[in-house]
Amino acid sequence: MTADALLLPKAELHLHIEGTLEPELAFELAARNGITLPFGSVEELRAAYSFTDLQSFLDLYYACMDVLRTREDFRDLAAAYFERAAAEGVRHAELFFDAQAHTSRGVAYADVVGGLRDAVDDAARLGVSGSLILSFLRDAPVEQAEAVWAEARRDLAGIVGVGLDSAEVGNPPGKFAAIYAEARALGLHAVAHAGEEGGPEYVWGALRDLGAERIDHGIRSLEDPELVRHLVEHRVPLTVCPFSNVRLRAVDTLAVHPLPEMLSAGLHVTVNSDDPAYFGGYAGQNLQAVAEQFGLSRGDLATLARNSVTASFASAQRQAELLADIDTWEAADGA
Ligand code: ADE
Ligand code: ZN
């Protein structure tokens, strides 16, 4: 019954494009750019995917990005993602990109965004629509975010919103308030990671200081009943990433993941993959795993897919197309 969760039409709303760098591609790009990775082989690199918390992952995540140097690299990275996503039923994807992690290494912003735009444009031939979310690194000096923002705002083609990521605890959202206010004034959407490792106060901060319309992760919101009431009342979507939460030890096991409680609390939950190359699976596999773990029905899965579409920043027309396709999937016999 759950096997065709992989084919269920859906939107991926929480995906760091740098987190789709599979080890094979990392070595290919390293060779192309004449870079030596601090790992001898694909197997050795994969063996390093054992994390104790968010920071231990971020250390490896940023180290591997060193292989991304040219516009072509960014295009190839995103093109590989779109191929995989299409094969797993993803029909719309909003890609976070960590521009500062590249500009701080001397890579031109224009090459980063240019390569990603090339891949987004090309994904149309796979039936996948895509857009970009410029994410600021909350653990870097705010001046660095301001510098990237000053460059990005000159040409926002393909960029649908701004986001906030990297190490959460000790880095509350408030210092990014001015950038977010400018971005919102220019018509961009506002999202932010909050309540992943940090407590409910980070979610409140993202809502109040940044005007976040969507919260990335948000699993710790459940610790604050008033916050849950607020999120339900205002239908604020939460982009939950089950494999990520287990691999980064935000939760002990999938069996105790709070997804069922979040759904029964009436929260607008979506299921996503975060950094699938590092965490063991893309959006369809995350959905399939929670369906098996929690015995979700075909109707429950369709609800999660509908949530992903209505929480997306896709046009009303695109959302309507995808919702119709989900209805068709739900009505079909998935045996
Ligand atoms: N950057 C990439 N993945 C992330 C995560 N899960 N949390 C915060 N920042 C990230
Ligand atoms: Zn994330």
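The structure reproduced in this document is the subject of the present report. These numbers were taken from a predicted model, which means no experiment stands behind them.

**Section: the coordination of the zinc ion (ligand 2)**
Alright, step 1. Those protein atoms acting as donors to the zinc ion (ligand 2) are His14 (NE2), His16 (NE2), His193 (NE2) and Asp274 (OD), and they sit at 2.0 to 2.2 Å.
Alright, step 2. In this structure, the zinc ion (ligand 2) is surrounded by four donor atoms whose angles at the metal cover 84 to 175 degrees, and the resulting shape is irregular.
Alright, step 3. One chain supplies every donor for the zinc ion (ligand 2), spaced along it as H-x1-H-x176-H-x80-D. Taken as a pair, His193 in strand S5 (residues 189-194) and Asp274 in the loop between strand S8 (268-271) and helix H13 (276-279) lie far apart in primary sequence, 81 residues in all. The two residues His193 and Asp274 agree in class, both being buried.

**What about the site of ligand 1?**
Alright, step 1. In the region of ligand 1, the neighbouring residues are His16, Leu54, Phe57, Leu58, Tyr61, Asp165, Ser166, His193, Glu196, His217, Asp274 and Asp275.
Alright, step 2. Glu196 places a side-chain nitrogen or oxygen 2.8 Å from a nitrogen atom of ligand 1.
Alright, step 3. For ligand 1, whose free accessible area comes to 260 Å², the fraction covered by protein is 100%.
Alright, step 4. Ranked by residue count, the leading element in the shell around ligand 1 is helix H3 (residues 54-64), at four residues.
Alright, step 5. When grouped by side-chain class, the residues that make up the shell around ligand 1 number four nonpolar, four polar and four charged.

**Remarks on the side chain of Thr270**
Alright, step 1. In this structure, Thr270 sits in strand S8.
Alright, step 2. Among residues more than four places away in sequence, those in contact with Thr270 are Leu13, Leu238, Thr239, Val240, Asn307, Ser308 and Ala311.

Thresholds, definitions, all that
- Residues numbered from 1 in each chain as written.
- Chains lettered and ligands numbered in written order.
- Predicted model: local features only at pLDDT ≥ 70, side-chain atom pairs only at ≥ 80, totals over all residues.
- Heavy atoms only, no water.
- Donors = N, O, S within 2.8 Å, 3.2 Å for Na, K, Ca; no water.
- Tetrahedral: all angles 85-135°; square planar, octahedral: opposite > 155°, others 65-115°.
- Helix = DSSP H or I, 4+ residues; strand = E, 2+ residues; numbered from the N terminus.
- Buried < 20%, exposed > 50% of the residue type's maximum accessible area, 1.4 Å probe, protein only.
- Near = heavy atom within 4 Å.
- Polar contact = N/O pair within 3.5 Å; in protein donor to acceptor, adjacent residues only side chain to side chain.
- Areas by Shrake-Rupley, 256 points an atom, 1.4 Å probe, with all protein chains shown as cover.
- Nonpolar A, V, L, I, M, F, W, Y, C, P; charged D, E, K, R; others polar.
- Contact = heavy atoms within 4.5 Å.

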